[in-house]
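# Coordinates in review
Here is how the chains run, residue by residue.
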Amino acid sequence: MQTNLLILGGTTEATALARAVAEAGLAGTVSFAGRVERPVRQPLPQRVGGFGGTDGLATYLRDHKITHLVDATHPFAAQMSFNAVAAATAAQVPLVALTRPPWRAQAGDDWTHVPDIGAAVAALDRAPCNVMLAVGRMHLADFAPNPQHRYLLRLVDPPKTALPLPLTETVVDRGPFSEAADTALMQAHNIDLIVSKNSGGTGAYAKLAAARSLRLPVLMIDRPAQPERSELATPADILNWVHHSTDLGV
Ligand code: NAP
């Protein structure tokens, strides 16, 4: 059977993998959830939208004769990752995840770890301050119980509906970001505190380097649990796995 990858994307790493797959002359498709209006253009065909749960993904794998499934989603996209493992098992398609290690605090960092979004919201039950809320559009409503803060938001698309927080300033931009620009942004908005997901990777790290240089505290939201699966770190590792995948798999 001809190799035909499905890459679950939405990350810088997925785009890098798609480039490597295209350059290697392999067939594949990149899948997006459809959360952003203009997904980064891929060097492979792309599809957009949910599959309809585990069963829908298993059906897609069979119908499109997918030979390898690569979960290159964001570490906080845990639902998709659990669905991917279940669907790959059902459709008997080998699966691997392309993952990036979590960020770790280093000398000069002032991080407080919280286990999830709910704990971050609880930690913001305090006197008003200026918060850079770097959690993505989907989770803004979770922070509604703390309307006293002035929130600096950085969103990929301009908001189309009223934001669920009363005091916000919005910057529309997409990474990768630089430490110098993020330092200037934090200074311009008198930021007192940064709320960040522990996404890992390079594209969104700048805010943490900027926080260190400005000696600002960071509320770091730890990653959700992920399913048991094989994990690899680079596109080259994935290509190698594709070539030797009969020994690996789900
Ligand atoms: P999620 O909660 O794990 O997934 C919810 C549902 O969205 C899934 O069950 C699936 O719908 C659909 N979905 C998710 N990723 C998909 C993909 N790559 N292709 C097709 N359908 C997908 O995911 P999320 O946290 O909302 O993230 C959505 C997407 O944004 C992911 O692809 C992720 O890589 C990207 N992203 C997420 C974050 C983050 O912080 N969560 C940050 C940057 C990028 P069905 O059940 O209908 O198949």
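Data block above holds the structure.
The model shown is predicted, which means the values in this text are computed figures rather than measured ones.

Assigned secondary structure in the protein chain consists of seven helices and twelve strands. Here the C-alpha atoms of the protein chain give a radius of gyration of 19 Å, agreeing with the 18 Å that 2.2 N^0.38 yields for 250 residues. Burial status across the protein chain gives 45% buried among its 250 residues. Within the protein chain, residue pairs in contact and separated by at least 24 positions form 65% of the contacts whose partners lie at least 6 positions apart. When the accessible area of the protein chain is evaluated, it comes to approximately 12200 Å², of which 53% is carbon and sulfur surface.

Next up on the list: the sheet that holds strand β6 (residues 111–114). Pairing between the strands of a sheet is mediated by backbone hydrogen bonds and can be parallel or antiparallel. Spatially, the six strands line up as an open sheet ordered β6-β11-β10-β7-β8-β9, and their pairing is parallel. This sheet does not close on itself; its edge strands, each paired only once, are β6 and β9 (168–172). On average, each strand axis in the sheet is tilted by 20° relative to the strand beside it, whichever way the strands run. Note that strand β8 (residues 150–155) and β9 share five bridges and pair parallel.

Cut-offs used in this document
- Residues numbered from 1 in each chain as written.
- Predicted model: local features only at pLDDT ≥ 70, side-chain atom pairs only at ≥ 80, totals over all residues.
- Heavy atoms only, no water.
- Helix = DSSP H or I, 4+ residues; strand = E, 2+ residues; numbered from the N terminus.
- Rg over C-alpha atoms; globule rule 2.2 N^0.38 Å.
- Buried < 20%, exposed > 50% of the residue type's maximum accessible area, 1.4 Å probe, protein only.
- Contact = heavy atoms within 4.5 Å.
- Areas by Shrake-Rupley, 256 points an atom, 1.4 Å probe, with all protein chains shown as cover.
- Pairing = 2+ DSSP bridges.
- Axes fitted to C-alpha atoms, helices over the stretch in contact; angles between N-to-C directions.

Purely spatial values, then, with no claim about function.
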